[in-house]
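The primary structure of each chain is shown beneath.
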Amino acid sequence: MTAWEPVPGQLMTRWAAEVTPENAWREYPRPQLVRRQWLNLNGLWDYAIAPVEMEMVLAYNNQILVPFPIESALSGVKRALLPEERLWYRRRFTLPEEWHGQRVLLHIGASDWQTSAWLNGHWLGMHQGGYLPFQFELTPTLQAGENELVVAVWDPTDTHWQARGKQVLQPHSIWYTAVSGIWQTAWLEAAPETYLAGLKITPELDSGAVLVQARLDGPQTERLPVRVTALAQGKPIASGEAAGGEVLRLAIPNPHPWSPGDPYLYDLVVEAGDDQVESYFGLRKFSLGKDTQGRTCLCLNNQPLFQYGPLDQGYWPDGLYTPPSEEAMRFDLERIKALGCNMLRKHVKVEPARYYYDCDRLGLIVWQDMPSGAKEVGELPSLLINLFGARRKDHNYRRAGRSDPEAHQDFQRELQELVDHLHNFACIGMWVPFNEGWGQFDAKEAAEWLADYDPTRPVDHASGWYDQGGGDCKSLHVYFKALPVLEPEKKRAMVLSEFGGYTLKLEDHLWNPQAEFGYRKYAAREALTQAYIELLDKQLRPWIDAGLCAAIYTQTTDVEIELNGYLTYDRAVEKMDFGRVRAAHEGLFMKGED
C-alpha cells in the first residue's frame, strides 16, 4: 500500500509543511455542543476509486489523508473524481473500554456530495449534500475489538443540479477546482441512552434574556428534565429547568451585549439525566432601523452600524475547501480583523463550525450565503448584466435550472438545515439564499420563509441581480464601472454586496502563471493601494453619505486564477499597504456614523 505524502503543488501555504497524519485537524469539531467522550477519525484512511455502478469494493491499495478532499494536494492523491466514479474509504477503529454500554455516533462534518456508510458490513444510511454535518448511529452494529467503517461518495459536480458553490470539473475564470468526498472532520462520540441531541439558543437583547430549547433523543425524551445554567467568566449567573423540546427563558443580569468591538460571550452548561454538554452564546440583536436622517439602515443592538468587509471564498491552494489547519483558517479571519473590517460575506460555501466559533470570538459579523446550485447565468450574460443591469422574474423554473421537483425540494431542505446548523452562532448577521441569479427561483418567497423561520436576522434575498423586491436589502454588485448615483429605498436597506475586484499579479505566488482574472489590473503594490483608497474615498464615501448600509469588497485572497485579493492565494504577501488600508477603512466607519 502506497504511503501518504502531500502531492507537490504549484502553490502551497506555509502551514502545509506542518500537516501530518497524526495532527490533521485534531480540534473538537462542534463548539456549540461539546461532549467530553469523543474519538477523532481524521488521519490516514484506505481508499479506492471504482465505477459508480459497483456496489462494493474489496481491494484498497492506497491511502488518503482525511479530512482533505481527494482533489487537494494535502489529501496525498490530488486527483479529480469524475461523475461516473465513486470514491470508497475504509477505516478500522477500536473503541475505548469506558464507552462500553453507551450509544456511539459517527459524525462527518461535511462530505461532497452523496455519502453512504457501512459498519462491519451493515448498512448505516445515506446522506445527500456537500456542506452540512450529518451522523449515523453505530450502536447496533458495533462488535467487540476492531470495527471496520466503509464510506462511499458519489459527486457529480457541475453535471447535476445540486448545491456546489463555485466547483466545476474544468476550472476557469471565477469557477474553481471541484471538491469531492470527506472534507471536514470525521469523528465518533459516546452518549447515554437518552442524550442531548441538539440545542437551539436564541438571544433576546431587548429583554436581557436567552431562550434555550434542548432536543433529546432516546427512550426517556418525554420524562427527562433538562437543566440549563448560564455562566459569565466561569461564574453561574442564571439557571432553570424545562422538559425536553420546551423553550426555557433565562433572564441574564446586567446583560453584556456582543459586538465587533466587544465580542463578549457567555457560557452554557446543559444537563439531562446522565448527559451533560457545554455551549455558549452572545447577546446581540440584528435588525432594520432608521438612521439620523430617517433612512432605513442595518442595526446591531438597536444602533445603526455600517458594515464593511471582504467577500470570502474559503479556498486554499493546498487543501481547496479544507484549510491546512485551524491556525491557517484563523489567520484569514485575523487579517480581516486587522484590516479594520467588522464583517465578511461567506461566499457560496459553508465552513466548519469552528470557523464561526472563531468569528464569534474575534467579533466578525458573517453574511452567510446558501451555496449556489442548478444553472449558472454564464460569463457573457454576467458581463452584460454588470455593465447594463438586469431585471427578470424568477418563477420560470426551467430557466433557473430548477425544473426537476427534486432540485426544488433539495434546495429548500438544505436551506432549512443551513439555518438550523448555524442558528446558535452570534456572528451570523445576514442570510443570503441566492447570488447573481445562479439557480434563483421564487426568491421573494424564500425571503418570506426565512423571515418567518428565523426572525432574528435580516435577509438579502437576491444578492446582485434579479431583485424581486423582497427581503430586507436592495443588494447591488458593481464591477467594471464607477458607482452610479445611489437611490435609497424606504423599506429596505441599501447594500453594495460586491464591488472592486482590483488585481495585482505577483509572479512567485500564482496558481497558474498563464492565466489571470480580475476587474481592473495594477502593476505594483503602491499603485493598487492608492487605487483602492481612491475607490473608497471618491466613490464609496458618497454612497455612505447617501444612505449605504454595507459594502463588501472582492476579496480576502486571490483564488486560483482570480488575482483580486488583499492577500496572495498562498497567504504569503499582503498585496496592499495594510496600514494605509486600515486607516481608510476606519474613515469609512466614522463617515458612516455622521
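See above for the structure.
The rules behind these values
- Residues numbered from 1 in each chain as written.
- Predicted model: local features only at pLDDT ≥ 70, side-chain atom pairs only at ≥ 80, totals over all residues.
- Heavy atoms only, no water.
- Pairing = 2+ DSSP bridges.
- Helix = DSSP H or I, 4+ residues; strand = E, 2+ residues; numbered from the N terminus.
- Phe/Tyr/Trp six-rings, centres within 6.5 Å; stacked < 30°, edge-to-face > 60°.
- Buried < 20%, exposed > 50% of the residue type's maximum accessible area, 1.4 Å probe, protein only.
- Lys NZ or Arg CZ within 6 Å of the ring centre and 35° of its normal.
- Salt bridge = Lys/Arg side-chain N within 4 Å of Asp/Glu carboxyl O.
- Axes fitted to C-alpha atoms, helices over the stretch in contact; angles between N-to-C directions.
- Left-handed = near helix turned anticlockwise from the far one by under 90°.
- Contact = heavy atoms within 4.5 Å.
- Nonpolar A, V, L, I, M, F, W, Y, C, P; charged D, E, K, R; others polar.
- Core = buried A, V, L, I, M, F, W, Y, C linked by side-chain atoms within 4.5 Å.

*Asks:* I'd like a description of the sheet that holds strand β23 (residues 296-300), backed by residues and values.
*Replies:* As summarised here, the arrangement of the three strands in space is β22-β23-β24, forming an open sheet in which the pairing is antiparallel. Looking at the sheet topology across the chains shown, the edges are occupied by β22 (286-290) and β24 (303-304). Of the pairings in the sheet, the one linking β23 to β24 comprises two bridges and is antiparallel in character. When the sheet's bridge partners are listed, L300 is paired in β24 with Q303.

*Asks:* Describe in detail the packing of aromatic side chains, supporting the description with residues and values.
*Replies:* For the coordinates displayed, the defined rule picks out 40 aromatic pairs. Seen from their ring centres, F411 and F441 are 5.4 Å apart, and the 70 degrees between their planes marks the pair as edge-to-face. Taken as a pair, F411 in helix α4 (residues 405-422) and F441 in the loop between β28 (428-432) and α5 (443-453) lie far apart in primary sequence, 30 residues in all. Each member of the pair, F411 together with F441, is buried. Taking the centre distance of 5.8 Å and the plane angle of 75 degrees together, the rings of F434 and F441 count as edge-to-face. In this structure F434 comes out as buried when scored by relative accessible area, which is 2%. Joined through ring pairs, the aromatic side chains of Y308, F499, Y532, Y553, Y566 and F578 make up one cluster. Lying across the ring of F331, R14 places its NZ or CZ 4.8 Å from the centre. In this structure, R361 is placed above the aromatic ring of Y357, and the distance from its NZ or CZ to the ring centre is 4.0 Å.

*Asks:* Can you tell me about the pattern of salt bridges, naming the residues and giving the values?
*Replies:* Under the counting rule described, the total for this entry stands at 35 salt bridges. Between E278 and R36 there is a salt bridge, with its nearest N and O atoms 2.6 Å apart. Taken as a pair, E278 in strand β21 (residues 275-281) and R36 in the segment before β1 (38-40) lie far apart in primary sequence, 242 residues in all. Given the relative accessible area of 64%, R36 is considered exposed. The partner of E334 in a salt bridge is R330, with the nearest N and O atoms 3.8 Å apart. Of this pair, E334 and R330 both sit in helix α1 (residues 326-338), four residues apart, roughly one helical turn. The exposure class of E334 is partly exposed, given its relative accessible area of 37%.

*Asks:* Explain the packing of α1 against helix α2 (residues 353-362) to me, using residue names and the numbers behind them.
*Replies:* Two quantities define a packed helix pair, namely the angle between the helix axes and the distance between the axes. Contact pair α1 / α2: the axes reach a minimum separation of 10 Å and the direction vectors enclose 35 degrees. In terms of crossing hand, the pair formed by α1 and α2 is right-handed. Residue-level contacts link E326, M329, R330, L333, E334 and K337 of α1 to R354, Y355, D358, C359, R361 and L362 of α2. Here the contact of α1 with α2 is composed, by residue class, of five nonpolar, no polar and seven charged.

*Asks:* Pulling in residues and values, what's your account of the nonpolar core?
*Replies:* Core analysis: the largest hydrophobic core is formed by 110 residues, its most contacted members being Y308, W367, L540 and L548. Looking at which element gives the most residues to this core, the answer is helix α6 (residues 525-546), with nine residues. Those residues in contact with L540 that sit more than four places away from it in its chain are Y308, L483, L496, F499, L535, L548, A551 and L588. By size, the runner-up hydrophobic cluster in this structure holds 28 residues, among which are F93, V104, I108 and L149.

It is worth stressing that arrangement in space is one thing and function is another; only the former is reported here.
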